[in-house]
Amino acid sequence: MWVQIFTKNGTIKKILEPLHVNKAKYSSNIDVDQFFKFYGEKADSDGDFKPLEEEDYNRFISSRSAMREPAITRQITSLAYKVGKRMISLAEGMPNEEVFPFKRLSLEMKGGGGMLFEGKQLGAALQYVPSQGLPSLLTELRQFQEDLHRPPPIPRDIMVMNGGQHGIYQCAELFLEPGDPLITTEYAYGGLHSTLRPYNPEILGIPEDEDGLIPETLESVLQDRLSRGLKMPKMMYVIPTGSNPSGAVIPEERRRKIYKLACKYDFIIVEDDPYMFLNYDERRVASFLSLDACGRVVRLDSLSKVVSAGLRAGWVSAPAPLLQRLELHAQAELLHSCTLSQAILLKLLSDRRALATHLQSAREFYRARRDALQRALEPLQGLAAWSSPQAGLFLWMRLRGVSDVYNMVFHTAFERGLMLVPGHAFQYDSTAPSPYLRLTFSKVKLEDMPIAASHLAQLIREEQQAQHKRVTGTQ
Ligand SMILES: Cc1ncc(COP(=O)(O)O)c(C=O)c1O
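Here the structure is a predicted model, which is why all the values come from computation and not from measurement. (Residues numbered from 1 in each chain as written. Predicted model: local features only at pLDDT ≥ 70, side-chain atom pairs only at ≥ 80, totals over all residues.)

**Re the overall build of the protein**
Along its length, the protein carries 14 helices and 16 strands. Based on the C-alpha atoms only, the size of the protein along its principal axes is roughly 85 × 60 × 40 Å. Residue burial in the protein is summarised as follows: out of 475 residues, 41% are buried. When contacts within the protein are restricted to residue pairs at least 6 apart in sequence, long-range pairs at least 24 apart make up 77% of them. (Helix = DSSP H or I, 4+ residues; strand = E, 2+ residues; numbered from the N terminus. Buried ≥ 20, exposed ≤ 12 C-beta atoms within 10 Å, placed from the backbone. Contact = placed C-beta atoms within 7 Å.)

Following this line, the structure appears as structure tokens:
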């Protein structure tokens, strides 16, 4: 995909032939409905638990979030989009598009077709929008989520976000008081930890097996807290598909059990799902959103891993009372996500077949890399243990005979030209020793994989010997 921006004074001369907007040339036999199906066949709920009422959400909202009030100017911007040209407005703080120096923006797609923004459409794509998002994109996203997840009918809405990380940050502000307990996996995405530090939370890190977070362990932790009269968690953070770093996919039955625990022990599930389209065994597992009969799921979507990380294209779906608060955060924080990115996202989403074709090829691309890395790692059998990543971009490996990888990663490996992420990056206490490494297969060149594996095998052997000497005191 390439971009050309044409300035009004014509400094960039090369003019493109007009592109057919959204007329992608894909011819594929993908079953688009099946491709985008992230809901199960079973009934949503056995009726054991009642949906939350509007006032119930008050007990989840942090005191900091509760203090936010609507910005009048932002409300006027939303109003301006609703009334259109019917009124004379001396109200809005918007700049006049005529002063913007851009004339045309075109994006040509690798798979054929493209997008062209010019005239009023380009002006609109460069203008302020309501904090919730570009209204036409919101309409598209509502339909998209409905089609993909078929969420049970409770009042819910969507807000555009700057990627999933933004959503995590927003959820922490929405739910957490300093020192609050929070449920997550024993090893969790480092961006969660960075967000949480100022809250000094009590992390309830639940172990994972090959199918991800273990509900039985979660229940015993919760039951134990309850019986000891300890503060109960209000929020759980989970990556259901291709967990970072473990690569696990939580199966539907397990998701149902976890969802029931959320109802029984009264917490909200924050479902962060940026690897949903990178599920290598092509199972379409029901999302937590699709199970959410009681209004307990805040879902974070992001196209960073499959479309573009730099566009910062993401959105949050949440029960209406929570979404209203998230919008107030956005009013104060960034006014709204980048309009141009939103306009691009809108065009991408509005051609589902082209999108499915692209996503399928992204999945094939990464699957081939995952398999190549696993083949390259064959010589490490016996030196380390790992299970095949079911989804996502990472292989999570435990070294044998090495209690801590820190020195190896930041000294020996680095000096030999090999960069790795130590397990420390995924534990809340990053000073505790870790025998884990996370290997990313998304960008490393295929021909470099065997070289990296052979360096790694050598490094592990040396580290095993060094640690053995330290323990036995031999020289
Ligand atoms: C689980 C998870 N969530 C969120 C992010 C942040 O992604 P973005 O903010 O680009 O959507 C990442 C990035 O690696 C991730 O792995």
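**Concerning the environment of glycine 295**
On the secondary structure map, glycine 295 appears in the loop between strand S10 (268-272) and strand S11 (297-302). In this structure, the C-alpha to C-alpha distance between glycine 295 and glutamate 54, residues 241 residues apart in sequence, is 9.8 Å. Beyond its immediate chain neighbours, meaning those up to four positions away, glycine 295 contacts Pro51, Leu52, Ile154 and Pro319.

**Considering the pairing of strand S5 (residues 181-185)**
Burial runs high along S5: four of the five residues are buried. Alignment of S5 against strand S6 (residues 202-206), held across five bridges, turns out to be parallel. Its bridge partner being in S6, threonine 185 is matched across the sheet by isoleucine 206. Crossover handedness for the path S5 to helix H7 (residues 190-196) to S6: right-handed. (Pairing = 2+ DSSP bridges. Right-handed = clockwise from strand over helix to strand, strands pointing away.)

**Notes on unusual backbone geometry**
Cis rather than trans, the peptide bond between asparagine 244 and proline 245 has omega equal to 20 degrees. Inspection of the secondary structure puts proline 245 in the loop between strand S9 (235-238) and helix H9 (252-265). In the Ramachandran plot, aspartate 266 falls in the positive-phi region, its phi being about 65 degrees despite a non-glycine side chain. With 17 C-beta atoms packed within 10 Å, aspartate 266 lands in the partly exposed category. Phi angles above zero are rare outside glycine, and arginine 312 is one such case at about 55 degrees. Here arginine 312 lies in the loop between S11 and strand S12 (313-319).

**Things to note about helix H3 (residues 72-83)**
Taking 1.5 Å of rise per residue, the twelve residues of H3 would be expected to cover 16 Å, and the 16 Å separating its terminal C-alpha atoms lies within 8% of that figure. Where H3 terminates, the next one or two residues include glycine 84, which has phi positive at roughly 60 degrees. (Expected span 1.5 Å × (residues − 1).)

**Digging into the sheet that holds strand S13 (residues 384-386)**
Read across the open sheet, the four strands follow the order S13-S14-S16-S15; overall the sheet is antiparallel. Strands at the two margins of the open sheet, each flanked by one partner only, are S13 and strand S15 (421-422).

**Observations regarding the domain arrangement of the protein**
Domain parsing of the protein yields domain 1 (47-71 + 131-350) and domain 2 (367-472). One C-alpha centre belongs to domain 1, the other to domain 2; they are set 30 Å apart. Each side of the interface is counted separately: domain 1 has 21 residues, and domain 2 has 17 residues. Among the secondary structure elements, those contributing two or more residues to the side of domain 1 that touches domain 2 are H7 and S6. Among the residues forming the side of domain 1 that touches domain 2, the class breakdown is nine nonpolar, nine polar and three charged. (Domains from an automatic or database assignment. Nonpolar A, V, L, I, M, F, W, Y, C, P; charged D, E, K, R; others polar.)

**Focus on the packing of helix H5 (residues 135-149) against helix H11 (residues 339-349)**
Contact geometry of H5 with H11 gives a least axis separation of 9 Å together with a crossing angle of 40 degrees. What the angle tells us is that H5 and H11 run oblique. As for how H5 packs across H11, the hand of that crossing is left-handed. Here Ser136, Leu137, Glu140 and Phe144 of H5 come into contact with H11, specifically with Gln342, Leu345, Leu346 and Leu349. When the residues that make up the contact of H5 with H11 are grouped by side-chain class, the tally is five nonpolar, two polar and one charged. (Axes fitted to C-alpha atoms, helices over the stretch in contact; angles between N-to-C directions. Parallel < 35°, antiparallel > 145°, perpendicular 65-115°, else oblique. Left-handed = near helix turned anticlockwise from the far one by under 90°.)

**Observations concerning the pairing of S9**
Side chains of S9 alternate between two faces, with Met235 and Tyr237 and Met236 and Val238 buried alike. Pairing analysis gives four bridges linking S9 to S10, with the strands arranged parallel. Looking at S10, one finds that methionine 236 is bridged to isoleucine 269. Taken together, S9, H9 and S10 form a β-α-β motif whose crossover is right-handed.

**Comments concerning helix H13 (residues 406-415)**
Along H13, the positions that sit buried rather than exposed are Met408, Val409 and Ala413. Viewed end-on, H13 has its buried residues packed into an arc of 90 degrees, placing them on one side of the element. Residues of H13 that are exposed and point over 90 degrees away from its buried face: His411, Phe414 and Glu415. Against S15 and helix H14 (449-472) lie the buried residues of H13. Taken from the residues just after H13, glycine 417 is the one with a positive phi, measuring 85 degrees. (Arc of directions from axis to C-beta.)

**Quick word on the nonpolar core**
Soluble globular proteins tend to pack their nonpolar side chains together in the buried interior. In terms of nonpolar packing, the biggest core is built from 114 residues, with Met235, Met236, Ile269, Val270 and Val316 touching the most fellow members. Looking at which domains feed residues into this core, each of domain 1 (47-71 + 131-350) and domain 2 (367-472) supplies at least three. Apart from residues lying up to four places away in sequence, methionine 236 is in contact with Ile183, Thr184, Ala262, Phe267, Ile269 and Val270. (Core = buried A, V, L, I, M, F, W, Y, C linked by C-beta atoms within 7 Å.)

**Examining the packing of H13 against H14**
Running from N to C, H13 and H14 point in directions that differ by 120 degrees, and their axes come no closer than 11 Å. By the angle between their axes, H13 is oblique relative to H14. For the element pair H13 and H14, the recorded crossing hand is right-handed. Between H13 and H14, the residues in contact are Met408, Thr412 and Ala413 and Leu459, Glu462 and Glu463, respectively. Its residues assigned to classes, the contact of H13 with H14 comprises three nonpolar, one polar and two charged.

**Description of the site of the ligand**
For the ligand, the set of nearby residues contains 13 residues, the closest of which are Gly163, Gly164, Gln165, Ser302 and Ser304. No other element matches helix H6 (residues 163-175), which puts three residues into the shell around the ligand. Taken together, the residues that form the shell around the ligand break down as four nonpolar, eight polar and one charged. (Near = placed C-beta within 6 Å.)

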